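# Coordinate analysis (summary)
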Number of protein chains: 2
Amino acid sequence: MHRAVAELLAEEEAETLTLPAVAARAGVHPTTLYRRWGSTAQLLTDVATSRFSDDLVVPDSGSLAGDLERWLADVATDVADPDTLALMRATIATGPAGGCACVEDRHRQLGAILRHEVERGGTAPEVESAADSLLGPVYYRAVFTSEPASADWARGLVATYLSTLPQSSADPRPTDTR
Amino acid sequence: MHRAVAELLAEEEAETLTLPAVAARAGVHPTTLYRRWGSTAQLLTDVATSRFSDDLVVPDSGSLAGDLERWLADVATDVADPDTLALMRATIATGPAGGCACVEDRHRQLGAILRHEVERGGTAPEVESAADSLLGPVYYRAVFTSEPASADWARGLVATYLSTLPQSSADPRPTDTR
């Protein structure tokens, strides 16, 4: 069923994605889909949750900067994929739960990276603030602009973000280099 | 026609928004809509472009920080509106042009604010980098999370962003306050 949704999204506008169309593509009776998912919104949210779950490895490079750079570069690469974007766009349209389904696992991964840093004896910001500054620009570029969200650019976001933290053990800066 | 789209989006899931449904709500023959817009995607992009055009005043408070804070607080307030969000979600689903239609005017407004600062003799960053750091978190919260994008929080984003700029005449910091 998930493959049927992905295929239809790759071929057509999201508005043609209906349960009967997915059923036809998957070769099952529409009643089966209505019984299990109830609506296209529910099916899409389910597909997005499963697609974006645990698909990225949480890196453990030994430093917060290294972990965040590797991870955000992977997120940016994933989000730049046209099929990923088509699924995200269609899922967003189903309502608040749809948008959340696209990034829930990203927040979980980010939380794990920040916890690693605390376990190493460093300090780490709140997940929400890190998500604003790191995931915000990546998903914004992908969904709202025609600017590329490249891996290099994503690594630059991490460097800028870490420079705004009051004191990051992963990014110690001399008090005065001038 | 624009009101018919807004009404339908406020009432129903985006997937029920079809040209015949809009035509029925607006009391016109579907053929009229197909002749003018061709597709729901085109109609939605048109509605979004018109809805998000010049709807926010570009402030001129005398400083870059003041202008950005006032403007981003307005953007955050607008984006938190359920009707605005419903239109954005439905438009995003239509494809890349849909997402761009939601924020084109925001980029124009941001460009004007940055130009004002240069005209005042200050320095200003590129629009793209400012959009990443300011519009990115606001639209990310609205579309992908259940976190509120409050006006106060938006003003905090501006302060953090300005602190990352190499030298902003709007935010002069002493070289060493310790």
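What you see is a predicted model, and the numbers here were worked out from it, not measured in a lab.

## Describing the overall build of chain A
Scanning chain A from N- to C-terminus turns up nine helices and zero strands. Starting at the N terminus, the α and β elements of chain A follow one another as α-α-α-α-α-α-α-α-α. The principal-axis extents of the C-alpha atoms in chain A amount to approximately 70 × 35 × 25 Å. When each of the 178 residues of chain A is scored for burial, the buried share is 48%. A separation of at least 24 residues holds for 64% of the contacts in chain A among residues at least 6 apart in sequence. The positive charge centre, built from 15 side chains, and the negative charge centre, built from 26, are 2 Å apart in chain A.

## Overview of the domain arrangement of chain A
Residues and elements named next belong to chain A. Assigned domains within chain A: domain 1 (2–49) and domain 2 (57–164). Domain 1 and domain 2 are separated by 28 Å when their C-alpha centres are compared. Counting residues at the interface gives nine residues for domain 1 and 10 residues for domain 2. Buried area between domain 1 and domain 2, summed over both chains or domains, comes out near 740 Å², and the portion from carbon and sulfur atoms is 78%. Considering only the surface of domain 1 that becomes buried against domain 2, Leu9, Leu44 and Ala48 emerge as the three largest contributors, covering 50% of it. At the surface where domain 1 touches domain 2, the tally comes to zero salt bridges. Looking at which element gives the most residues to the side of domain 1 that touches domain 2, the answer is helix H4 (residues 40–51), with six residues. A per-class count over the side of domain 1 that touches domain 2 returns seven nonpolar, two polar and no charged.

## Re empty space enclosed by the protein
Evaluated as defined, the whole model comprises two cavities of 30 Å³ or more. Its boundaries defined by the atoms lining it, the largest cavity holds a volume of some 40 Å³. If you trace the largest cavity, you find it lined by Tyr140, Arg141, Thr145 and Glu147 of chain A together with His107, Glu128, Ala131 and Asp132 of chain B. Mapped onto the lining of the largest cavity, the elements with two or more residues apiece are helix H8 (127–144) of chain A together with helix H8 (127–144) of chain B. Ranked by the residues each element gives to the lining of the largest cavity, the list is headed by H8 of chain B, at three residues. A breakdown of the residues in the lining of the largest cavity according to their chemical character gives two nonpolar, two polar and four charged. In this structure, the second largest cavity spans a volume of roughly 30 Å³. When contributions to the lining of the second largest cavity are tallied by element, the ones reaching two or more residues are helix H4 (40–51) and helix H7 (96–119) of chain B. Among the elements that take part in the lining of the second largest cavity, H7 of chain B stands out by supplying four residues, more than any other.

## Thoughts on the interface of chain A and chain B
Residue-level contacts link 37 residues of chain A with 36 residues of chain B. For the chain A and chain B pair, buried surface summed over both sides reaches about 3100 Å², with 62% attributable to carbon and sulfur atoms. Broken down residue by residue, the surface that chain A buries against chain B is led by Asp132, Tyr140 and Phe144 of chain A, which jointly contribute 24%. Applying the counting criterion to the chain A and chain B interface returns two salt bridges. Across the pair Arg141 of chain A and Asp132 of chain B runs a salt bridge whose closest N-O atoms are separated by 2.8 Å. Scanning the region where chain A abuts chain B turns up six residue pairs in polar contact (both at pLDDT 80 or more). If you list the elements that add at least two residues to the side of chain A that touches chain B, you get H4, helix H6 (82–92), helix H7 (96–119), H8 and helix H9 (151–164) of chain A. A total of 11 residues in the side of chain A that touches chain B trace back to one element, the largest contributor, which is H8 of chain A.

Procedures and definitions
Residues numbered from 1 in each chain as written. Chains lettered and ligands numbered in written order. Predicted model: local features only at pLDDT ≥ 70, side-chain atom pairs only at ≥ 80, totals over all residues. Heavy atoms only, no water. Helix = DSSP H or I, 4+ residues; strand = E, 2+ residues; numbered from the N terminus. Buried < 20%, exposed > 50% of the residue type's maximum accessible area, 1.4 Å probe, protein only. Contact = heavy atoms within 4.5 Å. Lys, Arg positive; Asp, Glu negative; His and termini not counted. Charge placed at Lys NZ, Arg CZ, Asp CG, Glu CD. Domains from an automatic or database assignment. Buried area = accessible area lost by both parts, 1.4 Å probe. Salt bridge = Lys/Arg side-chain N within 4 Å of Asp/Glu carboxyl O. Nonpolar A, V, L, I, M, F, W, Y, C, P; charged D, E, K, R; others polar. 1 Å grid on protein atoms, 1.4 Å probe; cavity = no way out; pocket = protein on both sides within 12 Å on 5 of 7 lines; lining within 4 Å. Points joined across faces, edges and corners; volume = space filled by probe spheres on them. Polar contact = N/O pair within 3.5 Å; in protein donor to acceptor, adjacent residues only side chain to side chain.

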